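# Inside the fold
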Amino acid sequence: MPGITREEVAHLARLSRLELKDEELDHFAGQLDVIIGAVARVSDVADEDVPPTSHPLPLTNVMRADEVRPSLTPEQALSGAPAREQQRFKVPQILGED
C-alpha cells in the first residue's frame, strides 16, 4: 500500500480546518503512515473465528439493581426553589424558543 502523501495530509488539514506548516505536513504524513500500517497489521492477525471485541476481558455491570424507595414529594423538592411552575423548577429561557 502506498504511503500517505503530504497532499493527502494537506487535504485532511483543510477538512479539519487546521493550518499546518510545510514541515508539519511531512511530519504528519510519516506518522499517519505508521498508524495505518499498525492498523493493517492488526487486521492481518485477526482471524475469521475471532469475534470483534472492544475489551480483552468481559465486562459486567457493577451497579446495584434499581429499586423503588421513598423519596421527596414534589412540594418538598421544590420548597427551596426561587421559582416554580407546574411542579417543576422554573428557570430563565436561554435559547430564545417557546
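Residue positions are given per chain, counting from 1 as you read along its sequence in written order. The model is predicted, so local features are restricted to residues of pLDDT at least 70 and side-chain atom pairs to those at 80 or more, both for listing and for counting; the totals for chains, interfaces and linings are taken over all residues. Water and hydrogen atoms were dropped before computing side-chain values, which therefore reflect all heavy atoms in the structure.

As named in an unreviewed UniProt entry, the chain is Aspartyl/glutamyl-tRNA(Asn/Gln) amidotransferase subunit C, taken from Streptomyces zingiberis. Taken directly from UniProt, the Sequence similarities (unreviewed entry) text for the chain runs: "Belongs to the GatC family." UniProt positions are given in the numbering used here, feature names are shortened, and annotations may be inferred rather than shown by experiment. In its Subunit (unreviewed entry) section, UniProt records this for the chain: "Heterotrimer of A, B and C subunits."

A few words on the overall build of the chain. Helix and strand counts for the chain come out as three helices and two strands. The secondary structure elements of the chain, listed N-terminal to C-terminal, are α-α-α-β-β. For 98 residues, the compact-globule estimate of 2.2 N^0.38 gives 13 Å, and the chain exceeds it by more than 25% at 27 Å. Its C-alpha atoms give the chain principal-axis dimensions of roughly 70 × 45 × 20 Å. Within the chain, the proportion of its 98 residues that are buried is 7%. Surface exposure here means Shrake-Rupley accessible area, sampled with a 1.4 Å probe, where a residue is shielded only by the protein chains that are shown. Within the structure as shown, the chain displays about 9700 Å² of accessible surface, and the carbon and sulfur contribution to it stands at 57%. We count Lys and Arg on the positive side and Asp and Glu on the negative side, and we leave His and both chain ends out. Every charge is mapped onto a representative atom, which is NZ of Lys, CZ of Arg, CG of Asp or CD of Glu. Seen as two clouds, the 10 positive and the 18 negative side-chain charges of the chain have centres 12 Å apart. A run of DSSP states H or I qualifies as a helix once it reaches four residues; a run of E qualifies as a strand once it reaches two. Both are numbered from the N-terminal end. Here the radius of gyration uses the C-alpha set of atoms, whereas the globule reference equals 2.2 Å times the residue count to the power 0.38. Residue exposure (1.4 Å probe, protein chains only): buried if accessible area is under 20% of the type maximum, exposed if over 50%, otherwise partly exposed.

What follows is about the pattern of salt bridges. Two side chains carrying opposite charge are able to pair once their charged atoms lie near each other. By definition here, a salt bridge exists when the distance from a side-chain nitrogen of Lys or Arg to a carboxyl oxygen of Asp or Glu is within 4 Å. Summed over the entire model, instances satisfying the criterion amount to four salt bridges. With a shortest N-O distance of 2.9 Å, R6 and D26 are connected by a salt bridge. Taken together, the residues R6 in helix α1 (residues 6-15) and D26 in helix α2 (residues 22-45) connect sequence positions 20 residues apart. For the salt bridge of R69 with E67, the shortest nitrogen-to-oxygen distance reads 3.5 Å. You'll find R69 and E67 in the same group, each marked exposed. Each of R6, D22 and D26 takes part in salt bridges that share partners, so that together they form one network.

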